[in-house]
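# Coordinate inspection notes
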Amino acid sequence: MRPRRTILVMAMAILAFPAAAQDGPKGIAFVEAPEQSGGVCFAGNPDRGFACAREKCVEGGAEARDCLRVAWCYPAGWSVDVFMQHREGPHWHEYLCGWTSRAAAEKAAAIKCDRDLNDYLIECATVRIWDPDGNEIPLN
């Protein structure tokens, strides 16, 4: 009887492991269809993250083939979406991720928007920020 109980307990532990593993750190995937749409997802691995982000990009109106993988960070840390526009008109988003604090993420975004370093920009601003748990945080 004892060996069966041991096997049963081990089997239950093995079956529970994937669920527990999903509760661990998450990565963040960014997908962008330039001038069209984008998507962001938190996931346990890049394949799932990019697939989810691509779905969101398509939901936003872009063709799947136009939704390009832009960035993956694991663990996600604090992450920021920075909108940037060149003085000649094109605009895009740059994603900064993996920061250890909100303050560090915001300082990284400020450097991206520093006009002394990027004199070609006519507009630059943080438009979204996420905490390490995947929650979008309101901007102050």
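Refer to the structure above for everything that follows.
Just so you know, these numbers come straight off a predicted model, no measurement behind them.

Cut-offs used in this document
- Residues numbered from 1 in each chain as written.
- Predicted model: local features only at pLDDT ≥ 70, side-chain atom pairs only at ≥ 80, totals over all residues.
- Heavy atoms only, no water.
- Buried < 20%, exposed > 50% of the residue type's maximum accessible area, 1.4 Å probe, protein only.
- Helix = DSSP H or I, 4+ residues; strand = E, 2+ residues; numbered from the N terminus.
- Pairing = 2+ DSSP bridges.
- Disulfide = S-S within 2.5 Å.
- Expected span 1.5 Å × (residues − 1).
- Arc of directions from axis to C-beta.
- Contact = heavy atoms within 4.5 Å.
- Polar contact = N/O pair within 3.5 Å; in protein donor to acceptor, adjacent residues only side chain to side chain.

With that settled, consider the pairing of strand E4 (residues 78-86). Most of E4 is tucked away: 8 of the 9 residues are buried. Sheet topology places E4 next to strand E5 (residues 91-99); 7 bridges connect them, and they run antiparallel. When the sheet's bridge partners are listed, Gln85 is paired in E5 with His91. Looking at chain direction, E4 and strand E6 (residues 121-130) are connected through 8 bridges and run antiparallel. Residue pairing for E6: Asp81 is matched across the bridge by Arg128.

Moving on, we come to the state of the cysteines. A covalent bond bridging the sulfur atoms of two cysteines is what the word disulfide describes. Evaluation of the coordinates by the stated rule reveals 4 disulfides. The disulfide that involves Cys57 links it to Cys67, with 2.2 Å between the sulfurs. An S-S torsion of about -85° defines the bridge between Cys57 and Cys67 as left-handed. Here Cys67 lies in the loop between helix H2 (46-59) and strand E3 (68-73) and Cys57 lies in helix H2, a separation of 10 residues in the sequence. Each disulfide pairs two cysteine sulfurs, and for Cys73 the partner residue is Cys97, the sulfurs being separated by 2.0 Å. Looking along the S-S bond of the Cys73-Cys97 disulfide, the torsion reads about 70°, which is the right-handed sense. One end of the pair, Cys73, is in strand E3; the other, Cys97, is in strand E5, and 24 residues separate them in sequence. The exposure class assigned to Cys73 is buried, which follows from its relative accessible area of 15%.

This part takes up H2. Relative to the 20 Å expected for 14 residues at 1.5 Å per residue, H2 spans 20 Å between its end C-alpha atoms, a close match to the ideal helical length. Regarding H2, the residues found buried are Gly49, Phe50, Ala53 and Cys57. What you see down the axis of H2 is that its buried residues fit within an arc of 90°, all on one side. Exposed residues on H2 whose side chains face more than 90 degrees from its buried face are Asp47, Arg48, Glu55 and Glu59. The secondary structure elements touched by the buried residues of H2 are strand E1 (27-33), strand E2 (37-43) and E3. For H2, the side-chain oxygen to backbone nitrogen distance between the N-cap and Asp47 is 3.0 Å, and the N-cap itself is Asn45. After H2 finishes, the residue Gly61 shows a positive phi value of roughly 115°.

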